[in-house]
Number of protein chains: 2
Amino acid sequence: MKHSAEQKKRLIGCALGNIEADLIISGVNVFHLTDGSTEKCDIAVIDGKIAGLGCYSRGKTVIDGTDLFAVPGFVDSHVHLESSHLLPGEYEKLVLAHGVTTAICDPHELANVVGEKAFEFFFSAAEKLSMSLIVNLSSCVPATGFETAGAEVDSVTIRKWKELHPESTLAELMNVPGLLFGDEEVLAKAALFDHIDGHCPLISGKELNACAAAGVVNCHESTLYAEAAEKLRRGIQVFIREGSAAKNLDTLLPLITLENSPFISFCTDDISPLEIVTSGHIDSMIRRAIASGANPLAVYRTASWSGAKHAGLNDRGLLAPGRRADIVLLSDLEKCIIKEVIVSGKQASTLPDSTLKAPEEFYNSVKCQKVTADDFTVRSGKTETFVIGVESGSLITEKLMRKLPVKDGKKYADPANDILKAAVIERHGKNGNIGLGFVHGSGIKSGALATTVAHDSHNICVIGTTDEDIAAAVNALIQQQGGLVVVQNGQVTAALPFPVAGLFTDCKTEEFNSRLQKVMTAAAGTGCTLQEPFQQLSFLALPVIPHLKLTDKGVFDADIFQHVPEN
Amino acid sequence: MKHSAEQKKRLIGCALGNIEADLIISGVNVFHLTDGSTEKCDIAVIDGKIAGLGCYSRGKTVIDGTDLFAVPGFVDSHVHLESSHLLPGEYEKLVLAHGVTTAICDPHELANVVGEKAFEFFFSAAEKLSMSLIVNLSSCVPATGFETAGAEVDSVTIRKWKELHPESTLAELMNVPGLLFGDEEVLAKAALFDHIDGHCPLISGKELNACAAAGVVNCHESTLYAEAAEKLRRGIQVFIREGSAAKNLDTLLPLITLENSPFISFCTDDISPLEIVTSGHIDSMIRRAIASGANPLAVYRTASWSGAKHAGLNDRGLLAPGRRADIVLLSDLEKCIIKEVIVSGKQASTLPDSTLKAPEEFYNSVKCQKVTADDFTVRSGKTETFVIGVESGSLITEKLMRKLPVKDGKKYADPANDILKAAVIERHGKNGNIGLGFVHGSGIKSGALATTVAHDSHNICVIGTTDEDIAAAVNALIQQQGGLVVVQNGQVTAALPFPVAGLFTDCKTEEFNSRLQKVMTAAAGTGCTLQEPFQQLSFLALPVIPHLKLTDKGVFDADIFQHVPEN
């Protein structure tokens, strides 16, 4: 980011009007995030940077900014790119159209499958992108010791990458119990960083103090207003998340005030490309926040400057000389209607197609044996069984106890009462574990849904009404080397392969979305009432989110951080 | 600043209430600079850091915080410690009493006398202090090529120190013309830094753009509201300065709003210890700002968080776990009445006396020959003479043309019309230059004032009514090896030696202030009407402040950056 003397000289020359700009946006209404004023002026851009605001006329390209507003490019403060299932080149095109010029990513999904090669892949991709992809170092691979991942990233590995990329933060420290109870590996990782990205769902009081004291400086897991407000008062930056399976904007909207604005940011965490295309990204959060009465200055700060500043990215978040020329041009400021996006001085709409590919070794990652219905037998035991309650739009699950149908000493799903069987099948070729449990709330009446995207270890996660459909779905996934499948009556009714690490498609966004739409339609055909059935299925396996989850080692109580007793 | 695993473990243990705190402030009203709320709670401190806010009872020391408010320690965003004339240990005690726990300093006064040894001295002092002294690397030693300093600090030297202290910024880039005109040395220094501390008095438009484009991220030289407001809109943090000879708070008060608060900070730049004792420091700026109707949250942010965050000091500026335990306890929030200051977890009032000394080599720094009245002869030439107009409370001088008394082909001072002769005498043993000029506005009726504190080259600067008194004052200064003297009728009426580099006393604050008071009284006895005669005298020689100045090479026009033609 540092400019050489020669680069500074060119910037100064362009600022003074002595050197022709690469790009001029003429007569645009600049919305200043410092004082909230709007200034009608030209913006001169050279070498990807803003050189000056004022009267500038000499530019290789001139965009007429009359009747447009200019705001700084948006920052997604926390995202797992893998949840878009698009390779970074496609991801970039998709989000740039929504004004997102900086994404701060935690590559822990891919790292759970391929280990530190995930860091290598994302850092290398970041160099090839026009948008700014900030890669942080995943703290929790695997998320906990209560599951089997494809790889482990230990503190020695983190130290190595921190030395290579000293500006990186420790990404999303999910193992909060490990931190509080003094787990040596967790502390060894934490000690390498001043800035630790947090993950503190429903954590408060002394435990929240302890997280902050250890260096946790932000959290994107607030689902309650009071929870987020407490974090603010403990110096923790609140990332307001609006992802596909976790929608917190409506709840946290009252937080977006002028007072709080430096201390709140927007993020998506996990968002599907279909949702981005249909509902928008941070642009949509801005639009909704302002429509709900939030102060526009507070909202646009939250969308860019606050997140950038918090992440130490001092070269962006303001439209000012010397900053990155990441500029969103809007025809309507309050409705955030995007007309053009400039990224690092280039018009995003004119960027060439990306040729960025995944390495061969990321293919063929589903390494488990084919299964039969018998593999999903749950022996009868106690009268009441732990059942995971899922709810549309929330990653947090309920801990339920239910009496299930029993036949021949086995417990079965009870679709009539919206209780399905669920399984997590280790798929990295490590041990072939199968964890079994039951789920309430999907609405599925018949058939099964399965995915290799199962946070964060990314084993196969499946729910279904019968053991036969469950087995059929799992076998289809193995056959297609990852992705999503829908099965009814033993037959695959829709499928979408994720050949790269079981997480990514290698096709383009349009094709992907069209196929995803078909899978979603097929999923709805099972009776599923969840708005994002696969995203929610993916989070069923994440043991660091309250309250009850399922890993390849069995049903897990995230509140006391241990597996529940056998059925 | 990074904590080891063991330190983090202790912080976590204390936060959880499992380990006894070093200090507890019980039942205090914490004023949160994130959301502006006030929370009544205990603050637990261990190892110099805040561990938690909430209910804590086990502490080695307990301060009863009932009826008190707690706010984060104040940050002086830009200061030359040398202007206090106190060695750092004394300086610390003085400002801590006013709540200042962080001072961000530019050591360029001392560097102009002793070169890079000034960096060594301040970095080493910073390690020994309880307060946080942030030392940046002086960009302009000397300030310009239009004067003779005791040393030069070139880009090679700056690079060396930047490698030793990578967190340092480039301090106060005063040579703006050098930057704009592409001076290679200036650009070479600028290219080493993303963060350049600025100095942009009255600079606006494309020139201001150029400064920002080059990496200038702040400025403490705004003297007009519109000037400061423009800087904000160019992404330049505005440091509102209230120094002894430069008082900008009243003018810039309207800038202190909730909107602007993240982008404004307080600083003193140059402040006399007498003024600190009698009028206060940042505490006084807070008090006056709130009394004038500024929003208290905006004011307290400006006083700590905004400056800290701007400087990349993420470990302070909020009372939150993991942050430095720099805490100001107030009996009145709006009036900023300080009851106790905690610095890095320790009660400032109980700190032992400092034993910090200056190295022997900083003594005996006034190396010029004795002078006679004849050395100050100004030959008569043009009818009108350039006269520097000074005004109480401003560093900016007026460019005047006046007709002076002429006798025997020589021009003389004209005390009846408030025009005195001024001289700057090179005192580093380099060339013995004497620059001569005239000054309007001091009010002096008889006698002379002289100082070795003459920004930034720190030659001897003197003004007087007769050449005889001028010579007597200069010789007295040489005799006492620097400091301040007042002469009337050829006799020294008061003197205060600065034996360390001609800039610092080596006595204690109380003694210094008592002697300074005598010098000030003697200065007033000359008829001088300036509130801070010596501070203003010191700035007479600084050629990077508009409009007309005097160096050892002659009268200097700071607007066109060249010396004026001969008289």
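In short, a report on the structure. On a predicted model such as this, the values are computed, not experimentally measured, just so you know. (Residues numbered from 1 in each chain as written. Chains lettered and ligands numbered in written order. Predicted model: local features only at pLDDT ≥ 70, side-chain atom pairs only at ≥ 80, totals over all residues. Heavy atoms only, no water.)

1. Some thoughts on the overall build of chain A
Filter applied, for reference: Here a strand is any run of E in DSSP of at least two residues, a helix any run of H or I of at least four, and the numbering for each starts at the N terminus. It is over C-alpha atoms that the radius of gyration is taken, and the globule rule equals 2.2 Å times the number of residues to the power 0.38. Throughout this description, buried means an accessible area under 20% of the type-specific maximum (1.4 Å probe, protein chains only), exposed means over 50%, and partly exposed covers the range between. Whether two residues are in contact is decided by their heavy atoms, any of which lying within 4.5 Å being enough. What sets the accessible areas is the Shrake-Rupley method with a 1.4 Å probe; for residues, cover comes only from the shown protein chains. Residues scored as charged are limited to Lys and Arg (positive) and Asp and Glu (negative), so that His and the chain ends carry no count. Every charge is mapped to an atom, namely NZ of Lys, CZ of Arg, CG of Asp or CD of Glu.
Helices and strands together make up the secondary structure of chain A, namely 17 helices and 31 strands. For chain A, the C-alpha radius of gyration of 24 Å lies close to 24 Å, the compact-globule estimate for 567 residues. Taking all 567 residues of chain A together, the buried fraction comes to 68%. When contacts within chain A are restricted to residue pairs at least 6 apart in sequence, those whose partners lie at least 24 apart make up 69%. Total accessible area on chain A stands at roughly 18,500 Å², and carbon and sulfur atoms take up 49% of it. In chain A, the 51 positive side-chain charges and the 69 negative ones have mean positions that sit 1 Å from each other.

2. Comments concerning the interface of chain A and chain B
Heads up, the condition is: Buried area: the accessible surface (1.4 Å probe) lost by two parts on joining, summed over both. In the sections that follow, a salt bridge refers to a side-chain nitrogen of Lys or Arg positioned within 4 Å of a carboxyl oxygen of Asp or Glu. We define a polar contact as two N or O atoms separated by no more than 3.5 Å, with the added condition that, inside protein, one atom must be a possible hydrogen donor and the other a possible acceptor, whereas residues neighbouring each other in sequence contribute only through side-chain atom pairs.
Taken together, the contacts link 61 residues of chain A with 61 residues of chain B. When the two sides are added together, the surface that chain A and chain B hide from each other amounts to roughly 5,100 Å², 60% of it contributed by carbon and sulfur. In terms of surface lost to chain B, no three residues of chain A exceed A:K8, A:K206 and A:F263, which account for 12% of the buried area on that side. At the boundary of chain A and chain B, one finds four salt bridges. For A:E39, the salt bridge goes to B:R234, with nearest N and O atoms at 2.7 Å. On the surface where chain A and chain B come into contact, there are 22 residue pairs in polar contact (both at pLDDT 80 or more).

3. A closer look at the relation of the copies chain A and chain B
Here the second copy of the chain follows from the first by a rotation about an axis and a shift along it. The line we're drawing: Here the copies are superposed with least squares, the fitted atoms being C-alpha atoms of residues at a pLDDT of at least 70 in both.
Expressed as a screw transformation, the operator carrying chain A onto chain B has a rotation angle of 180 degrees and an axial translation of 0.0 Å, and the superposed copies differ by an RMSD of 0.1 Å. Taken together, the rotation and translation relating the two chain copies correspond to the operation of a two-fold axis. Taken together, the interface assignments show that 100% of the residues at the interface of chain A recur at the interface of chain B, consistent with an identical surface on both copies.

4. Re the sheet that holds strand 21 (residues 406-407) of chain A
The strands making up a sheet associate through hydrogen bonds between their backbones, and the pairing can be parallel or antiparallel. Residues and elements named next belong to chain A. Quick reminder of the rule: At least two bridges found by DSSP between two strands is the condition for calling them paired.
The strand order across the open sheet formed by three strands is 18-22-21, and the pairing between neighbours is antiparallel. Two strands close off the open sheet at either side, each with one partner strand: strand 18 (378-379) and strand 21. As paired elements, strand 21 and strand 22 (residues 410-411) share two bridges and run antiparallel to each other. The residue bridging K407 from the neighbouring strand is K410, located in strand 22.

5. A closer look at the state of the cysteines
Residues and elements named next belong to chain A. Our working definition: Note that a disulfide, as used here, is simply two cysteine sulfur atoms within 2.5 Å.
Inspection of the entire model under this criterion finds zero disulfides over all chains. With no disulfide of its own, C55 lies closest to C41 among cysteine sulfurs, the gap being 8.5 Å. Looking at C461, it has no disulfide partner, and the nearest cysteine sulfur is the one in C528, 13 Å off.

6. A look at the packing of helix 12 (residues 282-291) of chain A against helix 13 (residues 296-303) of chain A
For any two helices packed against each other, the geometry is given by the interaxial angle and the distance between the axes. Residue and element names in this part refer to chain A. The condition that has to hold: Fitting a line to C-alpha atoms yields each axis, with helices limited to the stretch in contact; the angle taken between N-to-C directions then spans 0 to 180 degrees. Should an angle lie under 35 degrees it is considered roughly parallel, over 145 roughly antiparallel, and from 65 to 115 roughly perpendicular; all remaining angles are considered oblique. Helix crossings fall into two classes, left-handed where the near helix is turned counterclockwise from the far one by less than a right angle and right-handed where it is turned clockwise. Each residue gets one label: Ala, Val, Leu, Ile, Met, Phe, Trp, Tyr, Cys and Pro are nonpolar, Asp, Glu, Lys and Arg are charged, and the others, such as Gly, are polar.
Between helix 12 and helix 13, whose axes approach to 10 Å, the crossing angle comes to 160 degrees. The angle between helix 12 and helix 13 falls in the class roughly antiparallel. The element helix 12 and its partner helix 13 pack so that their crossing is right-handed. Residues I282, I286, A289 and I290 of helix 12 form the contact with helix 13, whose own contacting residues are P296, V299, Y300 and A303. Looking at side-chain class alone, the contact of helix 12 with helix 13 contains eight nonpolar, no polar and no charged residues.

7. Focus: the side chain of A:H78
Tracing the backbone through its elements, the reader meets A:H78 in strand 6 (residues 74-79). You can call A:H78 buried: its relative accessible area is 6%.

8. A closer look at the pattern of salt bridges
Note that side chains of opposite charge can pair when their charged atoms are close. Residues and elements named next belong to chain A. Applying the stated criterion across every chain yields a total of 42 salt bridges over all chains. Its salt-bridge partner being R10, residue D47 comes within 2.8 Å of it at the nearest N-O pair. One end of the pair, D47, is in the loop between strand 2 (38-46) and strand 3 (49-54); the other, R10, is in helix 1 (residues 5-15), with 37 residues separating them in the sequence. Owing to a relative accessible area of 29%, R10 belongs among the partly exposed residues under this scheme. One salt bridge in this structure joins R324 and D326, with 2.6 Å as the shortest N-O distance.

9. Comments concerning the packing of aromatic side chains
Residues and elements named next belong to chain B. Put simply, the rule reads: The criterion for an aromatic pair is that two Phe, Tyr or Trp rings (for Trp, the six-membered ring) have centres within 6.5 Å, with stacked assigned to planes under 30 degrees apart, edge-to-face to planes over 60 apart and tilted to the rest.
In total, this model carries 22 aromatic pairs over all chains according to the counting rule given. Centre to centre, the rings of F123 and W161 are 5.9 Å apart; their planes meet at 5 degrees, and the pair counts as stacked. Of this pair, F123 sits in helix 4 (residues 117-128) while W161 sits in helix 5 (residues 155-164); the two residues are 38 residues apart in sequence, bridging distant segments of the chain. Residue F123 shares its accessibility class with W161, and that shared class is buried.

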